[in-house]
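Reading the structure
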Amino acid sequence: MKESEASLNPPRLLASPILLPCWPTVLYLSTNKTNIYTEGLPHHLAAGIKSLNSSKNAVKMVLTPWYTCCNMIRDREPIVGSFHVLCILALIVGSLVQFSDELESAVDYSNRNLTHVPKDLPPRTKALNLSQNSIQELQMSDVSILPELRALRLSHNSIQRLDFGVFKFNHELEYLDVSHNHLQNISCCPVVSLKHLDLSFNDFDVLPVYKEFGNLTKLSFLGLSATKFRHLDLLPIAHLHLSYILLGLVGYHVKDNETESLQVLNTKALHLVFHPNSLFSVQVNISVNALGCLQLSNIKLNNESCQTLITFLLELTRGPTLLNLTLYHVETTWKCLVELFQFLWLRPVEYLNIYNLTITESIQYENFNYSKTALKALTIEHITNQVFIFSKEALYSVFVKMNIRMLTIADTPFIHMLCPPDPSTFVFLNFTQNVFTDSVFQGCSTLKGLQTLILQKNGLKNLFKVALMTKNMTSLETLDVSLNSLVSHAYEGICSWSESILVLNLSSNVLTGSVFRCLPPKVKVLDLHNNRIKSIPQKVTKLEALQELNVASNSLMDLPGCGAFSSLSVLVIEHNSVSHPSAGFFQSCQKIRSITAGNNPFQCTCELREFVKNLGQVSGEVVEGWPDSYTCDSPESVKGTPLQDFHMSPLSCDTVLLIVTIGATLLVLAVIVAFLCCCFDLPWYLRMMCQWTQTRHRARKIPIKELQRNLQFHAFVSYSEHDSAWVKNELLPNLEKDDIRVCLHERHFIPGKSIVENIIHFIEKSYKSIFVLSPHFIQSEWCHYELYFAHHNLFHKGSDNLILILLEPIPQNNIPSRYHKLRALMARRTYLEWPTEKSKHGLFWANLRASFITKLALVDEEDVKT
């Protein structure tokens, strides 16, 4: 792309930087958002431009032009922005084509090396970008299938001829860009719906304006170019009220000793683009009516050609309506630049903007007459100084002595700025992206009327000195020192701020929490985002007027209380380290109407529960970004969970409630257990179940050698004669019905043998020995013998073949001392207790039968006798 073309290119169809030369303002537009920087712009106009972004169709607009033209009158009050707006025509030059459908109706085939228009375009296409290709011809069949087409961009192709008849079926076409082609002629039958038509930077010999153009009553933007002009070339459109005319003069042929003329009627803005590599030599007398904004691009000057430009501007700047003059890509000597300032000082221009200024040759003191001027604002952005040895005062003094209201010198290599020698008229100073140090404006007492000072992106380091710099600026309301290297911990003394400061931007520095001890006492808006603040000290400057506080992107661990900020209504604290925000924040800060605290590492535990509850109770308009930006960061199990979906039971978070609940539960359980014990003898049932389980377990672990003995009986029963009725009526029937063979002395003792021998013999021949214990048992002599044998032949071997049935309770002190093993056994061994309630008998017998192996192989008595 040629340099001249690059400097002029109108905004891209869907994303583009747009310069607003009527004011020192830059507007960036994209498909995602609109970022607007309005430094020096009266708030009336700033609000109007920013309102574009509030429309939900803001991202669906095709913004073709790049200017805002405003007609204003001067108010007598010496404050920035206090203008009475007679006419604010926020005309982003050309058309604002708003689409009703979503962005899929915009098709982009730019820079695809295409030689023809694609045939497979969606029929409902509303915006089509075919720029940066090699298309040579446009036919009706290419666009007739797109009846809803509103915007067509064909710039930077190779089209040589254009017949407007190809748009016969495109009745809604509003935006047409065929700039930067090779057009030499066009056939005129333009679409009457056009609002933006760009034919600039083509190969036309004369301006291609025909009488049919007079039918374009909706036309707002018109781009043209030619190699020569005729006075009435634009007469066919004289009755149209255009907003913007672009004239490309890159190929204009300078005629020796001949001055052409051109009359430009009814346009609010005129943009002239010259050849970028040639000294300015255009001699065209251009007369305009009611011109509000004039823009010139690619101006190369030396001391000799400087007067040529001034002569060229003489007619253009004659009218009283020209308020804004913008120069792009200017290369000039310092002497010529000062002469240009002096010329414009006496013209009606109120706003002068210069973007991309290169200073050549030398810089020396130049005389300048600072008489009364209409100029209100001078903006110079991006200065390249090719003069390396010069007097700094010769350069800086020209600017500081200017009796204007607003001065912007941004993106320059300036290392300092002088203090005005006399009381200054400046109310707005913007020195963004220079190389200023802490010494700037120190001790300066001539800026008492200054209201706004911007020192972004400089070399400031000492906050104490910055405060001292403002001490004599008694009208200063807005101070922006963001994007520097300011520190606050080095000085603990009193900071001497101007008490008039209301808005202070300290963002993107290296400040810590100690900055809160060095702040203007009456500040209302404070921006401290992107610093190194870990906490806000307890003892800080009382900022009772502070209404808005931005501490985003720091390292704060908690939300600040409002003890020192009693008027705080807006708080931005996102992207910090807040994990457990104070639940009492909203009680402390009752004037809060907006809080942005999302994107913090919230720990979703009990401590967060009360804060989430409080968030849910405030209006959704108060909590910005809720609920999407508020998610759990830990524990891992809930990471990513929105805070509004995070819940913990009150029981798990309230220790007192938990203790009371556990105590109440235990109490209820105790009452239930006591009731069951009283009504259903529950302990007895539990004991019996436990005994049954243990018995079954022991039965499975009986050694094999035990089972291989020649056993005749499952059980030998030892009992007192007084208990025989129970044995015969209860014990025997319930065991023998399950084929459990029981040995009783009266049935099985062998006559002729002694009782002791029978006892020994039948105990050995029985799998188990059952002792029916009762007070009668310990009084029976025979039981003494049986128990004696059991003591010496079973108990000492640790046998588990012993079953104790407690038929009646036996007091421990009634057991004879000689039965000490029985006493000890009853104390540590489980025994079966005969229940008096009939309902419990079934469980008793089941427990007893579980002690036997019914399939045990027994030897018959007959076999024993043989």
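Predicted model, so just to flag it, every value in this text is computed and none were measured. (Residues numbered from 1 in each chain as written. Predicted model: local features only at pLDDT ≥ 70, side-chain atom pairs only at ≥ 80, totals over all residues. Heavy atoms only, no water.)

We now examine the overall build of the chain. Check the secondary structure of the chain and you find 20 helices and 39 strands. Across the 866 residues that make up the chain, the buried fraction comes to 51%. Within the chain, residue pairs in contact and separated by at least 24 positions form 62% of the contacts whose partners lie at least 6 positions apart. For the chain, the computed accessible surface area is about 39,500 Å², with 52% contributed by carbon and sulfur atoms. (Helix = DSSP H or I, 4+ residues; strand = E, 2+ residues; numbered from the N terminus. Buried < 20%, exposed > 50% of the residue type's maximum accessible area, 1.4 Å probe, protein only. Contact = heavy atoms within 4.5 Å. Areas by Shrake-Rupley, 256 points an atom, 1.4 Å probe, with all protein chains shown as cover.)

Per-chain confidence: the chain averages 81 in pLDDT, with 80% of residues scoring 70 or above. Per-residue pLDDT stays below 50 along residues 1-103; that stretch engages in 276 contacts with residues further than four places along the chain or on separate chains. (pLDDT = per-residue confidence, 0-100.)

Bringing the side chain of Asp-527 into the picture now. Mapping Asp-527 onto the fold places it in strand S29 (residues 525-527). Looking at Asp-527, the relative accessible area reads 16%, which means it is buried. Here His-529 takes part through its side chain, which lies 2.7 Å from a polar atom of the side chain of Asp-527. (Polar contact = N/O pair within 3.5 Å; in protein donor to acceptor, adjacent residues only side chain to side chain.)

On the secondary structure map, Phe-516 appears in the loop between strand S28 (503-505) and S29. Linking Phe-516 and Thr-541, residues 25 residues apart in sequence, is a C-alpha distance of 6.1 Å. Other than its neighbours up to four places away in sequence, Phe-516 contacts Leu-528, Ile-533, Ile-536, Pro-537, Val-540, Thr-541, Val-551 and Phe-565.

Summed over the entire model, instances satisfying the criterion amount to five disulfides. One disulfide bridge connects Cys-419 with Cys-444, the sulfur atoms lying 2.0 Å from each other. Here the disulfide of Cys-419 and Cys-444 is right-handed, its torsion about the S-S bond being about 75°. Of this pair, Cys-419 sits in the loop between strand S24 (406-410) and strand S25 (428-430) while Cys-444 sits in the loop between S25 and strand S26 (452-454); the two residues are 25 residues apart in sequence, bridging distant segments of the chain. Relative accessible area serves as the criterion here: at 2%, Cys-444 is assigned to the buried category. (Disulfide = S-S within 2.5 Å.)

This part is about the sheet that holds strand S35 (residues 713-718). What the five strands build is an open sheet, ordered S36-S35-S37-S38-S39; its pairing is parallel. Edge positions in the sheet fall to strand S36 (742-743) and strand S39 (832-833), since each has one partner strand and no second. Sheet topology note: the strand S38 (residues 802-806)/S39 ladder contains two bridges and is parallel. Its bridge partner lying in S39, Leu-806 is registered against Glu-833. Against the sheet, helix H14 (residues 724-736) contacts S35, S36, strand S37 (766-773) and S38, and its axis sits at roughly 150° relative to S37. (Pairing = 2+ DSSP bridges. Axes fitted to C-alpha atoms, helices over the stretch in contact; angles between N-to-C directions.)

Let's shift gears to the pairing of strand S22 (residues 351-360). Counting buried residues along S22, nine of its ten residues qualify, which places the element largely inside the surrounding structure. Here nine bridges tie strand S21 (residues 324-333) to S22, and the two strands are oriented parallel to one another. Paired with Tyr-328 across the two strands is Tyr-355, which belongs to S22. Following the backbone out of S21, through helix H5 (residues 334-345) and into the adjacent parallel S22, one traces a crossover that is right-handed. Here S22 runs beside strand S23 (residues 377-385); their pairing, made up of eight bridges, is parallel. Residue Thr-358 lies in a different strand from S23, and its bridge partner there is Thr-384. (Right-handed = clockwise from strand over helix to strand, strands pointing away.)

So, on to the packing of aromatic side chains. Centre distance and the angle of the planes are the two values used to describe a pair of aromatic rings. Going through the model one piece at a time under the given rule, you end up with 31 aromatic pairs. Here the aromatic rings of Phe-431 and Phe-441 are separated by 6.3 Å at their centres, their planes lie at 50°, and the arrangement is tilted. Taken together, the residues span a long stretch of sequence, with Phe-431 in the loop between S25 and S26 and Phe-441 in the loop between S25 and S26 at a distance of ten residues. Phe-441 carries the same exposure label as Phe-431, and that label is buried. Here the aromatic rings of Phe-771 and Phe-777 are separated by 6.1 Å at their centres, their planes lie at 85°, and the arrangement is edge-to-face. Of the two residues, Phe-771 and Phe-777, both sit in the buried class. The lysine or arginine in question, Lys-392, covers the ring of Phe-390, its NZ or CZ lying 4.7 Å from the ring centre. In this structure, Lys-768 is placed above the aromatic ring of Tyr-767, and the distance from its NZ or CZ to the ring centre is 5.1 Å. (Phe/Tyr/Trp six-rings, centres within 6.5 Å; stacked < 30°, edge-to-face > 60°. Lys NZ or Arg CZ within 6 Å of the ring centre and 35° of its normal.)

All right, on to H14 then. Since the α-helix packs 3.6 residues into each turn, any two residues three or four apart lie on the same face. For H14, the complete set of buried residues consists of Ser-724, Trp-726, Val-727, Leu-731, Leu-732, Asn-734 and Leu-735. Buried positions along H14 lie against S35, S36, helix H15 (745-748), S37, S38 and helix H19 (841-849).

Once that is clear, we can look at the nonpolar core. Among the nonpolar cores identified, the biggest contains 173 residues, and Leu-152, Phe-167, Phe-312, Phe-399, Phe-441 and Leu-506 are the most heavily contacted of them. Top element by residues in this core is H5. It accounts for nine residues. Excluding its chain neighbours within four sequence positions, the residues that come into contact with Phe-441 are Met-417, Leu-418, Cys-419, Leu-429, Phe-431, Leu-447, Leu-453, Met-469 and Met-473. Counting residues in each nonpolar core, the second largest holds 26 residues, with Leu-732, Val-772, Ile-805 and Trp-834 among its members. (Core = buried A, V, L, I, M, F, W, Y, C linked by side-chain atoms within 4.5 Å.)

Next up on the list: the environment of Gly-319. By secondary structure assignment, the location of Gly-319 is in the loop between helix H4 (306-316) and S21. In this structure the C-alpha to C-alpha distance between Gly-319 and Arg-347, which are 28 residues apart in sequence, comes to 8.9 Å.

A separate point is helix H6 (residues 392-400). Within H6, seven of the nine residues are buried, which leaves the element mostly enclosed by the surrounding structure. Of all the positions in H6, only Ala-394, Leu-395, Tyr-396, Ser-397, Val-398, Phe-399 and Val-400 are classed as buried. As for H6, its buried residues are in contact with H5, S23 and S24.

Together, Leu-651, Leu-657, Leu-658, Ile-662, Leu-666, Leu-669 and Val-673 give the surface a local cluster of nonpolar side chains, amounting to about 560 Å² of exposed area. For the nonpolar patch, the element with the highest residue contribution is helix H11 (residues 655-680), accounting for six residues. (Patch = residues over 30% accessible without salt bridge, like charges linked within 9 Å, V, L, I, M, F, W, Y side chains within 5 Å. Salt bridge = Lys/Arg side-chain N within 4 Å of Asp/Glu carboxyl O.)

Once their charged atoms are close, side chains differing in charge can pair, the charge on each being opposite to the other. One pass over the full model with this rule turns up 15 salt bridges. Between Arg-318 and Glu-315 there is a salt bridge whose closest N-O contact spans 3.2 Å. The exposure class of Glu-315 is partly exposed, given its relative accessible area of 26%. Taking the shortest distance from any N to any O, the salt bridge between Asp-738 and Arg-849 comes out at 2.7 Å. Taken as a pair, Asp-738 in the loop between H14 and S36 and Arg-849 in helix H19 lie far apart in primary sequence, 111 residues in all. In this structure Arg-849 comes out as partly exposed when scored by relative accessible area, which is 23%.

Most of S21 sits inside the fold, with eight of its ten residues counted as buried. Here strand S20 (residues 293-300) pairs with S21 via seven bridges, running parallel. Bridge pairing in S21 links Leu-296 to Leu-327. In this fold, S20 hands off to H4, which returns the chain to S21; that crossover is right-handed.

Our focus in this paragraph is the side chain of Asn-434. Topologically, Asn-434 is positioned in the loop between S25 and S26. There is a polar contact of 3.2 Å between the side chain of Asn-434 and the backbone oxygen of Thr-432.

This part covers unusual backbone geometry. A cis geometry characterises the amide bond from Trp-626 onward to Pro-627, with omega recorded as 5°. Mapped onto the fold, Pro-627 is located in the loop between helix H9 (606-617) and strand S34 (632-634). Cis geometry is adopted by the peptide bond preceding Pro-635, which originates at Ser-634 and carries an omega value of -5°. Its place among the elements puts Pro-635 in the loop between S34 and helix H10 (650-653). At Phe-201, a residue that is not glycine, the phi angle is positive and equals roughly 55°. Assessed through its relative accessible area of 11%, Phe-201 is described here as buried. Of note in this structure, Ser-508 is not a glycine but carries a positive phi near 55°. One can find Ser-508 in the loop between S28 and S29.

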